[in-house]
Amino acid sequence: MAHCPQGHELTSHGDKRPCPACRRDTLIRHVIAADRSLLAGEAAAAVDAVVTSPAVLRELAGALAADPDMLRHGAPPVAGRLAAELIARGSTTLTMPACARCGRTRMPLYRTPGGGMCKPCTARQHTAECARCGEVKAVAGRDAARRPICERCRRRDRGHRPCGICGKTASIAVRGRDGMPDTCVSCYQMPSAVCSVCGKHRECNFAASDHPVCPSCTPRPTARCARCGQDRPPQARWPEGPVCDPCYAAALKRRVRCASCGQLRRPVSPPGLDADTCASCAGQPVTCACTDCGIEDKLYERGRCERCSLRLRAAALLTGPGGGDIPATLLPVFEAICAARTPKSALNWLRRGGGAVILAQVASGTLPATHQALDACPRRRAADQLRQVLVAGGVLEPRDEELTRTEQWLTALLASIGAGEHRRIVHAFATWHAMRRLRRAAAASQRPRTYTAHARNTIKAAARFLRWLDERGSTLPGCGQRDIDDWLATGPGACDVREFLTWAAHCGHCPALDVHGPLRNTGTAISDSQRWDLAARLLHDDSIDVTDRAAGCLVLLYGQTMTRIAALTTSQISRHDDSVAIRFGQHDVPVPGPLGDLLLTLVTDGKPNTGTGTPAERTWLFPGLLPGRPITPARLAQRLRALGIPVQAGRRAALTDLAARMPAAVLADLLAIRPGTAVRWMHQAGADWTRYAAELARDRNHQPGE
């Protein structure tokens, strides 16, 4: 029997390789030398626990020969298992091996020129251009022609066969069995159940178990972000460590001048926040580059950035399944959708918005592009939103939506009145008085919307009053002052019947009756110190949205109403040398420097959040979510109240202060308010300008040039 140099018997004669016993002894000695915190017996027990076969022993011996420091690097995986076993037995010298690239622990590591790396990071060391999608990614396999393909394309091509539901050849998610057909990934639906976390009935994992969990509530592993330090699910693992989704998106959008080539590129080297070199200069593959425009950004659809993905999906929506060209009339709408300030929101609108479905019907010719067709659409809100998109794009003629809705509302109200005589009177009053005056005001007004609340209230009050008289056993011709007094006691809105009774008396339907109008509520005003403190906060606090800062200053400094502020246009803002002015009426009013900067920002950059389909050219100073429409006064007031700014009280304080400083005629001319309103504010301020004209007449130098 032959023996090895150490005296151990060999199984084959003439074999000069170390025997298994010698390999084990050498490995134990290496472990004892590398980790002196364990006894020899503990080290030997750890080796015996890991070495489960001669093949494992040979792999450890080969790893030791290639890298004497294998226990610290943890590569190959068997070395990492041995290091973990030593740590579990009380080693204080070794630490859990981590990936040299992403920093993850407790994962199998493999030897690379850059150290021990996990399998995903090892794959990233071998990147090439995918033969299918054209992106530079880790090579996950090769096609029939031995060309490299990425993991996504490998999965897409794997298991392709006809789906038993849709008939398309696609990747099969569930194989057919027991008489059930194959189901592709597009047709497959997860089983539904009540989620044990959120309590909502949704598609869930483990739907048949006692603890179903929907995909939104499924816990994701978290890690400490290498950039922000927050414990969040990692979106990517870069050389500096795991990176969360907000930091990942911010890093992809970051652009600096490359320290080597000077181009404005995304920096990738050195790893971390101090990167100043682009991928080309750093010798790294250019990743996350759009296949259409080449910009380095977060990719959405088949290697395209969000802007290119939006253009592709919008074109597919407007051309229909058959393809072809976009209708010429819808080209402005297409460009407006593609120019959205937030492409991600526009992508969501195209994918889930009800208006996008109606727009596809308009593009295909299924639905006529008319106001009447949109009025008949069952999804009213989606149709109204699309109407504004088509109006802003010039497809539809603009119309007064508030006036149209009031006419439709009146038709429904008249249909709900049971008594024929009452319906006839209310119809005559609405047609010849309320609606007639409303249409006249809409034709003469320069504002973007007609305010119809007063007309609706008077018409509703007329219908309620006639029904109330009928319940009392009375009629309109027999109505007396006692009936009016009893009606006015029914509630604060009863005085809205005043216009109806005045019209009815004029037309001979009832005698002349006395109905007092609503009591004017002057309200309270904030103090001057509080007003100036709020104004200073809006002028200098950069953390507040520029829209709220500008609107709040116009209330606190110039006493403007929400209705007028919302209807301001960019043409009302002008710049004269180093000053900025705003025009409320016929004259330009200079504004303070900080407020002028805010107004110029709104003119150049616009409101941050605007709706999908908004034209690129800006008309309104405060645009709203509906394309081509300004923000509503109610929404603007709500935003200011959320900041702690009392809109009505602040406006009263501003007008009181202005009325005390200038004559009523000047105040009315500058702020475009009625002279009677300016006089009333002057009296409330306690100002006395009765001698103003006489003093000007006595002053010989009141004219310029004399």
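Summary of the structure given here. None of these values were measured; they are calculated from a predicted model.

Turning to the pattern of salt bridges, a few remarks are in order. Inspection of every chain in the model, using the stated rule, returns 33 salt bridges. For Asp 384, the salt bridge identified is with Arg 387, shortest N-O distance 3.1 Å. Here Arg 387 and Asp 384 lie together in helix α15 (residues 380-392), a separation of three residues that amounts to about one turn. Taking relative accessible area as the criterion, Asp 384 reaches 13% and is therefore assigned buried.

Here the focus is the packing of helix α22 (residues 546-558) against helix α24 (residues 593-605). At a minimum axis separation of 10 Å, α22 and α24 run at an interaxial angle of 135 degrees. By the angle between their axes, α22 is oblique relative to α24. Where α22 crosses over α24, the handedness of that crossing is left-handed. Touching Val 546, Thr 547, Arg 549, Ala 550, Cys 553, Leu 554, Leu 557 and Tyr 558 of α22 are Leu 595, Leu 598, Leu 599, Thr 601 and Leu 602, all from α24. Looking at the contact of α22 with α24 residue by residue, the class counts come to 10 nonpolar, two polar and one charged.

In this structure, the largest pocket encloses a volume near 1600 Å³. Along its surface, the largest pocket is lined by 47 residues, and Arg 124, Trp 238, Tyr 248, Thr 287 and Cys 288 are the ones closest to its centre. Of all the secondary structure elements, the ones that give two or more residues to the lining of the largest pocket are β3 (127-129), β4 (136-138), α7 (151-157), β14 (234-238), α8 (245-253), β18 (267-269) and β20 (299-301). With four residues, the single largest contributor to the lining of the largest pocket is β14. Residues that form the lining of the largest pocket fall into these classes: 22 nonpolar, nine polar and 16 charged. Approximately 1200 Å³ is the volume found for the second largest pocket. If you go around the second largest pocket, you meet 32 residues; those closest to its centre are Arg 447, Thr 561, Thr 563, Arg 564 and Ala 672. Only α17 (420-444), α23 (562-566) and α26 (647-661) provide two or more residues apiece to the lining of the second largest pocket.

The subject of this paragraph is the packing of aromatic side chains. Think of a pair of aromatic rings as described by two things: how far the centres are apart, and how the planes are tilted against each other in angle. Taken as a whole and judged by the stated rule, the model has eight aromatic pairs. Here the aromatic rings of Phe 429 and Phe 500 are separated by 5.3 Å at their centres, their planes lie at 85 degrees, and the arrangement is edge-to-face. With Phe 429 in helix α17 and Phe 500 in helix α20 (residues 498-506), this pair connects stretches of sequence that are 71 residues apart. One exposure class covers both Phe 429 and Phe 500, and it is buried. A network of ring pairs unites the aromatic residues Phe 429, Phe 500 and Trp 503 as a single cluster. Lying across the ring of Trp 532, Arg 531 places its NZ or CZ 4.6 Å from the centre.

A few words now on the sheet that holds strand β23 (residues 579-583). Read across the open sheet, the three strands follow the order β22-β23-β24; overall the sheet is antiparallel. Edge positions in the sheet fall to β22 (573-576) and β24 (588-590), since each of these pairs with one other strand and no more. When strand polarity is set aside, the average angle formed by the axes of neighbouring strands in this sheet is 35 degrees. Two strands pair when backbone bridges link them, and β22 and β23 are joined in this way by four bridges, in the antiparallel orientation. Its bridge partner lying in β23, Arg 575 is registered against Val 580. Taken strand by strand, α24 contacts β22 and β23, and its axis lies near 120 degrees from that of β22.

Cut-offs applied
- Residues numbered from 1 in each chain as written.
- Predicted model: local features only at pLDDT ≥ 70, side-chain atom pairs only at ≥ 80, totals over all residues.
- Heavy atoms only, no water.
- Salt bridge = Lys/Arg side-chain N within 4 Å of Asp/Glu carboxyl O.
- Helix = DSSP H or I, 4+ residues; strand = E, 2+ residues; numbered from the N terminus.
- Buried < 20%, exposed > 50% of the residue type's maximum accessible area, 1.4 Å probe, protein only.
- Axes fitted to C-alpha atoms, helices over the stretch in contact; angles between N-to-C directions.
- Parallel < 35°, antiparallel > 145°, perpendicular 65-115°, else oblique.
- Left-handed = near helix turned anticlockwise from the far one by under 90°.
- Contact = heavy atoms within 4.5 Å.
- Nonpolar A, V, L, I, M, F, W, Y, C, P; charged D, E, K, R; others polar.
- 1 Å grid on protein atoms, 1.4 Å probe; cavity = no way out; pocket = protein on both sides within 12 Å on 5 of 7 lines; lining within 4 Å.
- Points joined across faces, edges and corners; volume = space filled by probe spheres on them.
- Phe/Tyr/Trp six-rings, centres within 6.5 Å; stacked < 30°, edge-to-face > 60°.
- Lys NZ or Arg CZ within 6 Å of the ring centre and 35° of its normal.
- Pairing = 2+ DSSP bridges.

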